[in-house]
Amino acid sequence: MKDLKKFTDEQIVQIVRTKNKELYLEIVTRYQEKLLRYAVYLTQDKTKAEDAVQESFIKAFINLNSFDLKKKFSSWIYRIVHNQVMNIINKHKKELPLLDNLDFDDGKDLELDLTKKEIQERVNKCINKISLMYSEPLSLYYIEEKSYEEISDILRLPVGTVGTRINRAKIMMKKICQNTK
Amino acid sequence: MSKHQINITKNVMTKIKTEQIKMKPKWYFLLGILSIFVAIVGLTIISIFLVSLVTFSLRSHGPMGIVRYQQIISNFPWWAPIIVIVGLITGVILLKKYDFSYKKNFLFIVLIFISAILLAGILIDVLGFDNFWIKKGPMRRFYQQYNGINNQERNNSGRGSRHF
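Residues numbered from 1 in each chain as written. Chains lettered and ligands numbered in written order. Predicted model: local features only at pLDDT ≥ 70, side-chain atom pairs only at ≥ 80, totals over all residues.

Caption draft 1: Structural view of the overall build of chain B. The helix and strand tally for chain B stands at 8 helices and 0 strands. Moving toward the C terminus, one meets the helices and strands of chain B in the order α-α-α-α-α-α-α-α. When burial is assessed residue by residue, chain B has 18% of its 164 residues classed as buried. Of all intrachain contacts in chain B linking residues separated by at least 6 positions in sequence, the fraction that spans at least 24 positions is 69%. (Helix = DSSP H or I, 4+ residues; strand = E, 2+ residues; numbered from the N terminus. Buried ≥ 20, exposed ≤ 12 C-beta atoms within 10 Å, placed from the backbone. Contact = placed C-beta atoms within 7 Å.)

Caption draft 2: The arrangement of helix α1 (residues 9–18) of chain A in detail. Residue and element names in this part refer to chain A. Where α1 is concerned, the buried positions are Ile12, Val13 and Val16. Down the axis of α1, the buried side of the element spans an arc of 105°, and every buried residue falls inside it. The inward-facing, buried residues of α1 contact α2 (24–43) and α4 (73–92). (Arc of directions from axis to C-beta.)

Caption draft 3: Just the packing of α1 of chain A against α2 of chain A, in detail. All names here are of chain A. The N-to-C vectors of α1 and α2 enclose an angle of 145°; their axes lie 9 Å apart at closest approach. Two secondary-structure elements touch here, α1 through Asp9, Ile12 and Val16 and α2 through Tyr24, Glu26, Ile27 and Arg30. A per-class count over the contact of α1 with α2 returns 4 nonpolar, no polar and 3 charged. (Axes fitted to C-alpha atoms, helices over the stretch in contact; angles between N-to-C directions. Nonpolar A, V, L, I, M, F, W, Y, C, P; charged D, E, K, R; others polar.)

Caption draft 4: View of the nonpolar core. Counting residues in hydrophobic clusters, the biggest one holds 46 residues, and the most contacted among them are Leu35, Ala39, Val53, Ile77 and Val81 of chain A. The element that contributes the greatest number of residues to this core is α2 of chain A, accounting for 10 residues. Here this core spans two domains, since at least three of its residues come from each of domain 1 (4–92) and domain 2 (110–180) of chain A. Discounting chain neighbours no more than four positions away, the residues touching Leu35 of chain A are Val53, Ser56, Ile77 and Val81 of chain A. Formed by 9 residues, the second largest nonpolar core is a distinct cluster that contains Ile48, Val54, Val84 and Ile117 of chain B. (Core = buried A, V, L, I, M, F, W, Y, C linked by C-beta atoms within 7 Å. Domains from an automatic or database assignment.)

Caption draft 5: Highlighting the interface of chain B and chain A. Facing the 19 residues of chain B at the interface are 23 residues of chain A. Elements that contribute at least two residues to the side of chain B that touches chain A include exactly α1 (2–17) and α2 (26–59) of chain B. The leading source of residues in the side of chain B that touches chain A is α1 of chain B, at 10 residues. Partitioned by chemical class, the residues of the side of chain B that touches chain A number 10 nonpolar, 4 polar and 5 charged.

Caption draft 6: Representation of the packing of α2 of chain B against helix α4 (residues 79–96) of chain B within the structure. Residues and elements named next belong to chain B. Running from N to C, α2 and α4 point in directions that differ by 155°, and their axes come no closer than 9 Å. As the angle between them shows, α2 and α4 are arranged roughly antiparallel. The crossing of α2 and α4 is left-handed. Where α2 abuts α4, its residues Ile36, Ala39, Ile40, Leu43, Thr44, Ile46, Ser47, Leu50, Val51, Leu53 and Val54 lie against Ala80, Pro81, Ile83, Val84, Gly87, Leu88, Thr90, Gly91, Leu94 and Leu95. (Parallel < 35°, antiparallel > 145°, perpendicular 65-115°, else oblique. Left-handed = near helix turned anticlockwise from the far one by under 90°.)

Caption draft 7: Structural detail: the confidence of the model for chain A. All names here are of chain A. Across chain A, pLDDT averages 81, with 78% of residues at or above 70. Summarising per-element confidence for chain A, the mean pLDDT is lowest in helix α5 (residues 110–113) (49) and highest in α1 (93). Below pLDDT 50 for its whole length, residues 95–110 participates in 21 contacts with residues either more than four positions away or in separate chains. (pLDDT = per-residue confidence, 0-100.)

Okay, here's the thing in structure tokens:
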């Protein structure tokens, strides 16, 4: 098992399930930083994020046999973290301000106005000012660099809805972040 | 951040090594999927049966049945539509547990599911498949209980009659 980096996540999961439990370390190593960043963004609280990620790794290990090897492991583990964080948020009743009363255009030409890098920078700066409903798919797309299909699997939303929410989030960002430049 | 990362790794791996946490076996999850499937099928069958019973009960009061409101009210199996509604809600919740539910339009899936149950229940009654239950079998008494005005007649003659 010298060249673990050559193995895909799914291959490692298969080995953890059948042969070597301790290889789960590789999974934790691969994902802890990404998941922590994602959880910190969602909770806006480092300690809660750490708890959520640790609990997610534990839950993922306990339920590893329920993972379908034909699917992407990353979407599965992100989904667990999402659920864990939502439990924490609901528990603490810490609601982010909803900005649903903003006027939207269809956002079709937005890509022309903002490059991906510009959007990434703006996302990092002022994403926490947008409601979680819109900012979560946006962060998964721009910060975690997930595809629409993966975001659909993580948030359990139709791909079309993911696209709509990302577009709306971009419009919100454009409006809100202009004032915080 | 690295300090916390080390702690997470250490905490998780210690729990695995000391067997404080154990992987649930594959059969546990297979059993879960099977239970959901059986529950959905069971709820569907029960709901179809009860919808056909409700249709039967309404129809069995014969022509101008609606006018005989009191009679329908007193004889109507109110528990049946309640169980149908509870069954449908539980069925929808169980359907949501399947992976496909968010990939498709879930509202559409729910509407198809409910329509199929209502249609099947009504068709069973309208096409007369429930006549078998009325005439013989363990459900005979059960059906006759909700057969409104025809009860007396059927008990005397020993055969069912249909009113449209």
